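Fold and geometry: a report
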Amino acid sequence: MDNPSMQHTQPGAHPATAHEEHGDHNGHNGHNGHDHEHKQSFITKYIFSQDHKTIAKQFLVTGIIWAIIGGLFSVLFRLQLGYPDQSFPILTDILGKWAPDGHISPDFYNMLITMHGTILVFFVLTAGLSGTFSNFLIPLQVGARDMASPFLNMLSYWFFFMAGVIMMISFFVSTGAASGGWTVYPPLSALRDASMGSERGMDYWLFAMALFIISALLGGLNYITTVLNMRTKGMSMAKLPLTIWAFLLTAILGLLSFPVLLGAALLLIFDRNLGTSFYLNDIYINGQHLSNVGGSPILFQHLFWFLGHPEVYIVILPAMGIVSEVLATNARKPIFGYKAMILSLLAIALLSFLVWAHHMFLTGMNPFVGSIFVLMTLVIAVPSAIKVFNWITTLWQGNLRFTPAMMFSIGFVSMFISGGLTGIFLGNSALDIELHDTYFVVAHFHIVMGVAAFMGMFAGVYHWYPKMFGRYLNNTIGYIHFWVTFVGAYLIFWPMHYMGLAGLPRRYYSHSAFVSFNQFASLNEFISGVAMVVFAAQLLFVINFFYSIWQGRKVRELNPWHSTTLEWTTPIRPGHGNWPGEIPEVHRWPYDYGKDGRDFIPQTEPMHEGESTHHI
Amino acid sequence: MSATLVTVAIVLVFIVIFQLAKISEYTSILKGKEGVDEENDKYASWMFLIFLIIGFILLIGSLVVYIPKMLPVAASVHGKWIDSMFNVTLFFTGIVFVACQIALFYFAWKYSHKKGRKALYYPENNKLEIWWTVIPAIVMTGLVIVGVYRWFEIMSPAPANAQVIEITGKQFNWIVRYPGADGKLGAHDFKLIDETNQVGMDFTDPNSKDDLMPTDMHLLVNKPVMLKIQARDVIHDVGLPQFRIHMDAVPGIPTTFWFTPDITTDEMKKITGNKDFQYELACDQLCGKGHFSMKMNVYVDSPEEYAKWLASQKSFYESTIKGTPEEQNAIQAAQKLHGEEAQEKKPTEKKEI
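Let me begin by describing the structure that accompanies this report.

Cut-off values and rules
Residues numbered from 1 in each chain as written. Chains lettered and ligands numbered in written order. Predicted model: local features only at pLDDT ≥ 70, side-chain atom pairs only at ≥ 80, totals over all residues. Heavy atoms only, no water. Helix = DSSP H or I, 4+ residues; strand = E, 2+ residues; numbered from the N terminus. Polar contact = N/O pair within 3.5 Å; in protein donor to acceptor, adjacent residues only side chain to side chain. Contact = heavy atoms within 4.5 Å. Buried area = accessible area lost by both parts, 1.4 Å probe. Salt bridge = Lys/Arg side-chain N within 4 Å of Asp/Glu carboxyl O. Buried < 20%, exposed > 50% of the residue type's maximum accessible area, 1.4 Å probe, protein only. Pairing = 2+ DSSP bridges. Patch = residues over 30% accessible without salt bridge, like charges linked within 9 Å, V, L, I, M, F, W, Y side chains within 5 Å. Areas by Shrake-Rupley, 256 points an atom, 1.4 Å probe, with all protein chains shown as cover.

Here we take up the side chain of Thr363(A). Here Thr363(A) shows up in the loop between helix 9 (338-351) and helix 10 (367-379). Side-chain polar atoms of Thr363(A) contact the backbone oxygen of Met360(A), separated by 2.8 Å. Each residue touching Thr363(A), except ones within four places of it in the same chain, is listed here: Ile298(A), Gln301(A), Asp248(B), Val250(B) and Thr255(B).

Structure (C-alpha cells):
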C-alpha cells in the first residue's frame with residue numbers, strides 16, 4: 001500500500017444511515033489536521049463535503065444548471081437570427097429595456113453570445129466535464145480512498161461556485177454583462193466607452209474568471225497528484241484506464257495554461273482600472289484621444305490563445321477518455337491500440353501548446369511565424385486521426401450493446417470526424433484568409449468541441465450514473481435524448497458550413513444590411529426551430545436526471561455493465577473512502593474483454609499461469 | 001396567450017414522453033432485465049444504419065440547394081488559388097469523411113449484440129496502426145507544403161505599381177483614403193483626428209492636400225491594390241468575401257493586404273445572374289453593437305468607368321477643409337503636435353507613408 005490513508009477506513013463505525021452505505025467515515029481526513037465527529041451533518045455531507053464523489057456531483061449539478069442557462073441564451077439569440085422580422089412581446093415583458101418592441105437589442109445580442117460562449121466553454125465543458133468526471137473517476141478507478149487533498153478539492157468547487165455567483169450578478173448590472181465575445185479581445189473589452197458590456201459587466205467577468213482559474217488550478221493539482229501518487233498496488237501507469245490518462249493530461253494542460261490567462265486578465269484589469277497601456281495604443285474613441293501609447297492588442301490575443309487553444313483540448317480530452325472506456329466496455333472488446341491511444345493523447349497534449357497562433361493568422365503577424373503554426377496545426381491532425389481509426393476498429397467484430405452511453409459515444413466519434421476534418425481547412429493559413437471569422441468557423445468548433453464534448457459528457461453521465469446515484473436513468477428517455485441531440489446538432493451546425501462558404505461573418509445581429517449575406521432567411525429559421533427542439537430535449541434529460549436520483553430503477557448488481565475497472569468493485573452506494581475493506585489490488589490492464597473466451601476479466605483478477613500479456 | 005399555449009403544449013408532450021418511458025421501463029423490469037436491454041440493441045443498430053443513409057442523402061441534397069448560394073468564383077487572382085486549394089483539401093478530407101462515417105455506422109449496424117456471438121479479442125495491430133499514422137502524415141505534409149507556398153505568395157510584398165488605398169475601421173463604419181495625383185498618401189496622426197478630419201490628416205504635409213476620401217471604394221480591374229489597414233478605436237476586420245480576403249484592422253498596429261481584382265462588378269452581375277450583385281466590405285471582428293452594420297460598397301471598374309469615377313472626385317482638402325474654420329484648427333493642431341514632438345526630442349511618431 002502506498003497510501004497511508006487507506007488504513008483508516010472502518011466500516012460501520014457510526015450509526016447506520018438510511019442508505020446502504022459503507023465506510024462512511026471521515027477519519028482519513030485526519031491529514032488535514034481535523035478530527036471531525038463521526039456523524040456528518042447535512043452541511044458537511046452535502047454542502048461542504050470533502051468526499052470526491054459528492055464534489056463530483058456538485059460540479060455536475062452546477063454544470064447542468066449553467067448548461068441550461070447557456071443553452072437558453074442560444075435559444076434567445078437564435079430567435080433573433082431565425083425570426084428577425086417577428087416581434088415577441090413576451091421578450092419585452094421579461095427582459096425590459098434589453099428587448100424593446102419584442103426584439104432583443106444588438107447590445108443584448110452581443111451579451112448573449114458572449115455569455116453563451118463563456119458559460120459553455122468554461123463553466124460547463126471545463127468545470128462541468130472535467131470537474132465531474134476527474135473528481136468522480138480518478139480515485140475510484142486508480143483505487144484511492146479520495147483525492148490527495150480533499151480539502152483543496154472542496155475549495156476548488158467553492159471557488160467555481162463563487163465564480164458562478166459573480167458571473168450571474170453581472171447579468172443584472174444596469175449596463176449588462178460583458179459583450180465583447182468570449183475571447184474578450186481588447187481594446188473592445190478594455191475601453192468602457194467601446195460598448196455597454198465593457199462597463200461594469202466586464203469587471204465582473206474578469207473577477208469571475210480569476211476565481212474560476214483558481215478553481216481549475218486547485219482541481220488540477222489534485223488530479224495530477226492523485227493519479228501520480230495514490231494508485232493502488234499493482235496499478236502501474238500502463239494499467240490505467242484511458243479515462244485516467246485523459247484526465248491526467250487535461251489537468252496538466254490546465255495547470256500550465258490557465259495561469260497565462262490569469263496573467264492576461266490581470267493586465268486587462270490594469271488597463272481598465274489603473275491607466276496602464278499593455279493592450280492599448282493610439283486610440284481615438286468617443287471624441288477623446290486616449291493617452292495610452294505603446295501597448296499591443298495582439299499581445300492579449302497571444303496570451304489568451306496560449307490558454308485558449310489548450311483549453312479546447314481541456315474540453316475534448318476528457319470526452320475522448322470517457323468515450324474510449326465506454327466504447328470498449330460496450331463493444332465487449334479491448335480498446336484497439338491502447339498504447340497508440342496513450343501516445344496520441346500525449347502527442348495532442350504536447351502539440352496543443354504549439355498551435356495557439358492559428359487563431360491569429362490574420363492579425364498582421366509575421367507570415368513566417370504563421371507558417372510554423374500551419375505546420376504544427378496540421379501535425380496535430382495525425383494523432384487525432386489515429387484516435388478515430390482506433391475507435392472505429394474497436395467496434396469492428398465486436399458484440400455491441402447499445403446502452404445510451406454507447407449511443408452517445410458513437411455520436412461523439414461521428415461528430416469528432418466531421419468537426420475535426422474542417423479543422424484541416426481552417427488550420428491552413430492560406431484557406432483561413434477566406435474562412436477567418438465566418439460561420440465556417442462557428443460550424444467547425446461547435447461540432448468538434450461543443451457538440452462532441454457534450455456527447456462525451458452525456459456518455460459519461462449515462463454510463464456512471466448507476467455508480468453515482470445507485471439508480472439508473474430511464475433508458476427510453478435516454479434514446480430520445482440521444483437521437484434528438486445527435487440529429488439536431490447536425491441539422492443545426494452542418495448548414496453553417498454553407499453559410500460560412502457564402503462569406504457570412506460571425507456574431508452578426510442581422511445580415512440584412514448586406515446584399516451578399518442576406519440569402520439565408522429560411523435556413524436561419526430552420527436552424528432556430530431545430531435549436532429549440534434540441535434545447536427541449538435537453539430539458540427532458542434534466543428531468544430524467546433529477547427524477548431518477550430519487551425515483552429511478554435501483555441498481556441491484558455491483559457491476560451492471562460487466563466492466564473490468566475498479567469503480568465497479570465498490571459497494572453499489574460507496575461511502576466516503578470508497579471500499580469498506582481493503583483497496584483491491586490490480587493485476588492486469590483494464591481492457592480484458594473477450595479474452596480467452598471470457599466476456600470480461602476484472603482488473604483485480606490475478607494473471608493466470610501462462611496467460612499472455614499483449615500490451616506495453 | 002400564444003406563449004401560454006406553447007408552454008402548455010410542451011409540458012403535455014413532456015408528460016406523455018415521460019409516461020411512455022416509465023411504461024417501457026416497467027415492462028423491461030417485468031421481463032427481468034437489468035442494465036442491458038437486448039431488444040434495444042437491434043433497434044438501435046438499425047437506427048444508425050438508417051441515419052447513415054438518410055444523412056448522406058440529405059448531405060447531397062443540401063449541397064445541390066446551397067452550392068448556388070455560396071460565394072461565386074473568386075474575383076481576385078489569389079482567390080482562385082485559394083479556391084483550388086480548398087477543392088484539393090475537400091477531396092482528401094471528403095474521402096476520409098465518407099470512409100470513416102460509413103465504417104462507423106456500418107460496424108454499429110453489423111456488429112450489434114447477438115446472443116452467443118463472441119467479440120473478437122483484438123487489442124492491437126502495429127502494422128495497421130503504422131499505416132494509418134503514415135498515410136495521414138503524408139497527406140498533411142502535402143497540404144502544408146501547398147498551403148505554406150500559397151501563403152507566402154499571398155503575403156509577399158506588394159508590387160511597386162500597386163494602387164495604395166488606406167482603410168480605417170471605426171465604430172461603426174469604414175473610411176477609405178486614396179492618394180491624389182501625386183500617388184502619395186499624406187501624413188496622419190491619431191492625435192489630429194476630430195469630427196471632420198476623421199483619419200487625422202496632417203495638412204501641413206503637402207501630400208495630404210490632394211488625398212481623396214470617397215464614400216465608396218472603387219478598384220481598377222486587373223490592377224494590383226495595396227490596402228493599408230488600420231483602426232481608430234477597437235479591432236475590426238476587413239472582410240471582402242468575393243475577393244477571398246480577411247485582414248484585421250488593429251488600433252496602433254497597421255496591417256496590409258495586397259491583391260489583384262480581376263472581375264468587374266458588371267461581369268460579376270452576369271456570372272451570378274444577379275442584377276443586384278454588389279461587392280461589399282464587411283467587418284468580421286466583433287467590434288460592438290453596430291458590428292453587423294459596418295459596411296462599405298466596393299466597385300471593381302473597367303478602365304473607362306474608373307477614369308470617369310476618378311474625374312468626379314474632389315480632394316478632401318478642397319471639398320471639406322479649405323476655407324472653413326476647420327482649416328485653421330487642423331493646421332494649428334498639427335503645428336502644435338510637431339512642436340511637442342520636437343520638444344520631447346524623440347523620433348517622430350508621424351507615420352511615414
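Often, the extent of an interface is quoted as the loss of accessible area on bringing the components together. Tallying the contact residues gives 136 residues for chain A and 115 residues for chain B. Across the chain A/chain B interface, buried area totals approximately 11200 Å², and carbon plus sulfur atoms make up 69% of it. Sorting the residues of chain A by area buried against chain B places Tyr284(A), Ile433(A) and Arg553(A) first, and these three jointly supply 7% of that buried surface. Taken together, the links from chain A to chain B amount to one salt bridge. Among the salt bridges present, the one from Glu434(A) reaches Arg244(B), with a minimum N-O distance of 3.8 Å. Between chain A and chain B we count 40 residue pairs in polar contact (both at pLDDT 80 or more) in total.

Residues and elements named next belong to chain A. Across all of its chains, the model carries 17 salt bridges over all chains by this definition. Arg 272 is the partner of Asp 203 in a salt bridge, and the nearest nitrogen-oxygen pair spans 3.0 Å. Of the two residues, Asp 203 is situated in helix 6 (residues 200-229) and Arg 272 in helix 7 (residues 242-273); the sequence distance between them amounts to 69 residues. You can call Arg 272 buried: its relative accessible area is 7%. The shortest N-O distance in the salt bridge between Arg 598 and Glu 605 comes to 2.6 Å. Assessed through its relative accessible area of 33%, Arg 598 is described here as partly exposed. Taking relative accessible area as the criterion, Glu 605 reaches 18% and is therefore assigned buried. Several salt bridges converge on common partners, so that one network encompasses Arg 588, Asp 592, Lys 595 and Glu 611.

Residue and element names in this part refer to chain B. Burial within strand 9 (residues 295-301) is extensive, with five of its seven residues counted as buried. Strand direction decides the pairing type here: strand 8 (residues 279-283) and strand 9, joined by four bridges, are antiparallel. Looking across to strand 9, one finds that Leu 281 is bridged to Met 296.

There is a patch of nonpolar side chains on the surface, built from Leu266(A), Phe270(A), Leu274(A), Phe278(A) and Leu299(A) and spanning about 420 Å² of accessible area. Inspection of the secondary structure assignment puts Leu299(A) in helix 8 (residues 297-331).

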